[in-house]
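# Descriptive structure summary
Okay, here's what each chain looks like letter by letter:
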Amino acid sequence: MLSKISTLTHELPVLMNLFSILKDGDTFVDIGANTGLFTHSIARLTQIFPELRLVAIEAHPDTFARLSSKVVERVSYLNLAMSDKAGKMEFVDGAVSHVFTAVDKKNSYNIVGESIVVDAKPLDELDLGSDSIVLKVDVEGQESSVLRGASRLLSNGSIRAVYLDGYDDPSITEQLRDYGFLLFEGRTLKPLQPHEQTFSLLALRECRTKR
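The structure displayed is predicted, hence computed values, not measured ones.

Right, let's get into the side chain of Asp 165. Its location among the elements puts Asp 165 in strand S9 (residues 159-165). For Asp 165, which is buried and forms no salt bridge, the nearest opposite charge comes from Lys 136, at a distance of 6.8 Å. At 2.8 Å, the side chain of Asp 165 and the side chain of Tyr 163 are in polar contact. Ignoring any residue separated from it by four or fewer positions in sequence, one finds Asp 165 in contact with His 10, Glu 11, Val 137, Asp 138 and Phe 199.

This brings us to the pairing of strand S8 (residues 133-137). When you tally the buried positions in S8, you get 5 out of 5 residues, the bulk of the element. The alternating pattern of S8 places Ile 133, Leu 135 and Val 137 on one face and Val 134 and Lys 136 on the opposite face, and all of these are buried. Judged from the 5 bridges that link them, S8 and S9 form a sheet pairing that is parallel. Bridged to Leu 135 within S9 is Val 162.

Our next topic: the pairing of strand S10 (residues 181-185). With 4 of 5 residues buried, S10 lies mostly within the body of the structure. One ladder, built from 5 bridges, connects S10 with strand S11 (residues 200-205); its direction is antiparallel. From the neighbouring strand, Leu 182 faces S11, where its bridge partner is Leu 204.

Turning to the confidence of the model for the chain, a few remarks are in order. Put simply, the chain has an average pLDDT of 87, and 84% of its residues get 70 or more. Here residues 1-6 scores under 50 on pLDDT; set against residues more than four positions off or in separate chains, the count is 0 contacts.

This paragraph deals with the pattern of salt bridges. By the definition in use, this model includes 8 salt bridges. Linking Lys 85 and Asp 84 is a salt bridge whose minimum nitrogen-to-oxygen distance equals 3.7 Å. Residue class for Asp 84 comes out partly exposed when judged on its relative accessible area of 30%. The partner of Lys 88 in a salt bridge is Asp 119, with the nearest N and O atoms 2.4 Å apart. On the criterion of sequence distance, the pair formed by Lys 88 in strand S5 (residues 87-94) and Asp 119 in strand S7 (residues 110-121) is long-range, its members being 31 residues apart. Classification of Lys 88 as exposed rests on a relative accessible area of 62%. One network of salt bridges, with partners in common, ties together Lys 23, Asp 26 and Arg 160.

Tallied over the full model, the rule gives 1 aromatic pair. Ring centres of Phe 38 and Tyr 163 lie 6.0 Å apart, and the angle between their planes is 25°; on these two criteria the pair is classed as stacked. Pair noted here: Phe 38 is in helix H2 (residues 37-42) and Tyr 163 is in strand S9, with a separation of 125 residues, a long-range link. Under the relative-accessibility criterion, Phe 38 is labelled buried at 4%. For Tyr 163, a relative accessible area of 1% corresponds to the buried category.

Conventions adopted
- Residues numbered from 1 in each chain as written.
- Predicted model: local features only at pLDDT ≥ 70, side-chain atom pairs only at ≥ 80, totals over all residues.
- Heavy atoms only, no water.
- Helix = DSSP H or I, 4+ residues; strand = E, 2+ residues; numbered from the N terminus.
- Buried < 20%, exposed > 50% of the residue type's maximum accessible area, 1.4 Å probe, protein only.
- Lys, Arg positive; Asp, Glu negative; His and termini not counted.
- Salt bridge = Lys/Arg side-chain N within 4 Å of Asp/Glu carboxyl O.
- Polar contact = N/O pair within 3.5 Å; in protein donor to acceptor, adjacent residues only side chain to side chain.
- Contact = heavy atoms within 4.5 Å.
- Pairing = 2+ DSSP bridges.
- pLDDT = per-residue confidence, 0-100.
- Phe/Tyr/Trp six-rings, centres within 6.5 Å; stacked < 30°, edge-to-face > 60°.

Given below as structure tokens:
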């Protein structure tokens with residue numbers, strides 16, 4: 001029960017902020033969807049936004065099975081890893097699902113010898129059918145490669161918001177600013193100052209001008 005309260009304490013303000021920026025016709029892409037807290041919460045908005053679409057992407061096969069066991073209308077479920085190139089990625093399992101990560105990011109929470117090979121693709125190669133994308137990324141250290149794999153969508157303005165739940169590369173904030181995003185703390189919406197970092201990062205596009 002305490003873990004559920006802790007999760008809601010962290011995630012609920014972020015969900016409320018994402019609810020406030022979504023609009024009809026958006027595609028919400030949940031990379032590292034886990035069992036679907038974000039995806040299935042936001043799917044409730046399809047009653048308000050009939051053209052809202054959702055894509056839930058989860059690399060871990062067992063976690064994906066739990067995610068996709070509850071099929072929700074207008075949600076596409078993909079058992080993939082997102083990266084900067086197509087191919088295969090080797091992941092190491094963890095004591096819990098949220099420490100499932102690529103082998104080069106393994107730590108003391110991972111299980112020695114428990115590795116899984118998963119198909120990987122860049123986000124740019126997926127047919128999302130939208131030029132208005134809200135992107136959530138929670139991938140345990142793979143954030144930089146995910147964003148590199150979305151460089152076309154970031155450059156042409158199709159991605160209008162990015163939420164990062166933790167990230168291991170401090171240069172990500174400057175990369176997002178270079179793409180024309182304003183940066184905020186994801187729970188409080190406090191603007192981030194230059195070189196300031198935060199675990200919960202919400203990036204909103206300053207304008208929709210194509211680069």
